[in-house]
Structures are given as structure tokens and as C-alpha cells.
Amino acid sequence: MVPRAGLSADRLTEAAADLADEIGFENVTLAALAKRFGVKDASLYSHVRNLRDLRTRVALLAGGELIDRIAVEVAGRSGKDALAAFAGAYRAYALERPGRYAATQIRIDQSLIAGTPALRRTAEITYGMLRAYGLAEPDLTDAVRLLRATFHGYCALESAGGFGAPRDVQKSWDRAVDALHVALENWPHEESTDD
């Protein structure tokens, strides 16, 4: 067990993120975290308000880690190279850090996101990559949703062993990224409805 001295919200969040990777995000509880630190559940309440607060903190931590990894891979790239780098970093994080990745999928109060530099950076990097395809609103939001749905769906199926065909999973991933690139290059722009 980790010694109880030096408990803090940041330390608890990191430990909860590690626990999520070990046992699954949905299985992280205050009781499980308290046990890890050798303290009573009540000892955690001076650092986190409740389980929802703890899970939100893990989601924000994981979101920051994910975008940091993506930013490194995307730096200096554009077009298909940037898309492939973004996709690869996303998938690697989802598969290597399954509990943390699951945390990034929860709904978080928008006021918390607005105040979080790492998650603002996520929008900047993602939208910046997509602007290179000549997209503007509302197409940017639609394209972000397409990428997120595709990447998340693929990673969720892959991590659950959902691809049973003999075709190499990496080859299918590469083809999916190729298809997304073609879709983004040929995006059906929405006509403005403004008068």
C-alpha cells in the first residue's frame, strides 16, 4: 500500500487513473481508491467532493494526456499525414490506457471544459487539422464528430476483441484513415441558411 501521507487531489486523481487502467474506469470507486492508500473513504473527502468529482478529474487528466500525445505526433504535419498521425496517437492511447481512455468518453460540464487549457487545446489541434481540409463551421463540428465516432468505435471494438475476420486489424485501420482522408477532401459543404 502507498503511505497515506501527502494525499492531495492530484495524487488521488493520478492513482484513480492508474486504477482505472487496471480494473476499468467503471469500477473505480472511492472505497477502492481509499483501500489503495490504506485510509478510510472519509479521508478522501477533504480532497475530492464525491465519486463524480473524482471521475471528472480523471477524465480531465486523461484528456490532457491524450491531446499531449496527439500534439507531439501531429506537429509539423498537415493533410493526410496529420490525420494519420492524429489517428495513430488516438488509437495507441486508447489501447495502452483503457481506463483513462474510457474516462475521456464521459460527459463533463461544459463550464469545466472551458476552464481547462488541455481540453481547449484539444479543440485547437483538432479544428486546426481539419481547417487544412478547407472546412469551416458547421462542417468543422460535423467532421470532428465523424472522426470521434470512427476512432472511438474502432478502438472500442478492437479492445473488446470485436474484429474476428482474418484481415489484419492494422491494415483495416489504415484503410479507414485513408477513407476518412478522402471524405474530408470531398466534404459535402452545408449551404448557409443565413439571410
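Residues numbered from 1 in each chain as written. Predicted model: local features only at pLDDT ≥ 70, side-chain atom pairs only at ≥ 80, totals over all residues. Heavy atoms only, no water.

Caption draft 1: Summary view of the overall build of the chain. What the chain contains, in helices and strands, is nine helices and zero strands. Mapped from its N terminus to its C terminus, the chain presents α and β elements in the order α-α-α-α-α-α-α-α-α. Along the longest, intermediate and shortest principal axes, the C-alpha atoms of the chain span 55 × 50 × 30 Å. Of the charged side chains in the chain, 24 are positive and 27 negative, and the gap between their average positions amounts to 8 Å. (Helix = DSSP H or I, 4+ residues; strand = E, 2+ residues; numbered from the N terminus. Lys, Arg positive; Asp, Glu negative; His and termini not counted. Charge placed at Lys NZ, Arg CZ, Asp CG, Glu CD.)

Caption draft 2: Representation of helix 8 (residues 139-159). Between the first and last C-alpha of helix 8 there are 30 Å, a value that for 21 residues agrees with the 30 Å anticipated at 1.5 Å per step. Within helix 8, burial applies to Asp139, Leu140, Ala143, Val144, Leu147, Phe151, Tyr154 and Cys155. Take helix 8 and look down its axis: the buried residues cluster within an arc of 140°, on one side only. Seen from the open side of helix 8, the exposed residues pointing more than 90 degrees away from its buried face are Arg145 and Ala149. Summarising the contacts, the buried residues of helix 8 are in contact with helix 4 (79-96), helix 7 (117-131) and helix 9 (169-185). At the exit of helix 8 stands Gly161, carrying a positive phi of roughly 75°. (Expected span 1.5 Å × (residues − 1). Buried < 20%, exposed > 50% of the residue type's maximum accessible area, 1.4 Å probe, protein only. Arc of directions from axis to C-beta. Contact = heavy atoms within 4.5 Å.)

Caption draft 3: The packing of helix 4 against helix 8, seen in detail. Where helix 4 contacts helix 8, the axes come no closer than 10 Å and their chain directions differ by 40°. Viewed along their axes, helix 4 and helix 8 adopt a mutual orientation that is oblique. Pair helix 4 / helix 8 crosses with right-handed handedness. Of the residues in helix 8, those in contact with Leu83, Phe86, Ala87, Tyr90, Arg91, Ala94 and Leu95 of helix 4 are Leu147, Arg148, Phe151, His152, Tyr154, Cys155, Glu158 and Ser159. Here the contact of helix 4 with helix 8 is built from residues that sort into 10 nonpolar, two polar and three charged. (Axes fitted to C-alpha atoms, helices over the stretch in contact; angles between N-to-C directions. Parallel < 35°, antiparallel > 145°, perpendicular 65-115°, else oblique. Left-handed = near helix turned anticlockwise from the far one by under 90°. Nonpolar A, V, L, I, M, F, W, Y, C, P; charged D, E, K, R; others polar.)

Caption draft 4: Representation of the nonpolar core in the model. Judged by nonpolar contacts, the single largest core of 34 residues is most densely connected at Ile70, Leu83, Leu130, Phe151 and Leu184. The biggest single contributor to this core is helix 4, with nine residues. Discounting residues that sit within four places of it in the chain, Phe151 has contacts with Leu83, Phe86, Ala87, Tyr90, Trp173 and Leu180. In this structure, Ala20, Val28, Val48 and Val58 belong to the second largest nonpolar core, which totals 23 residues. (Core = buried A, V, L, I, M, F, W, Y, C linked by side-chain atoms within 4.5 Å.)

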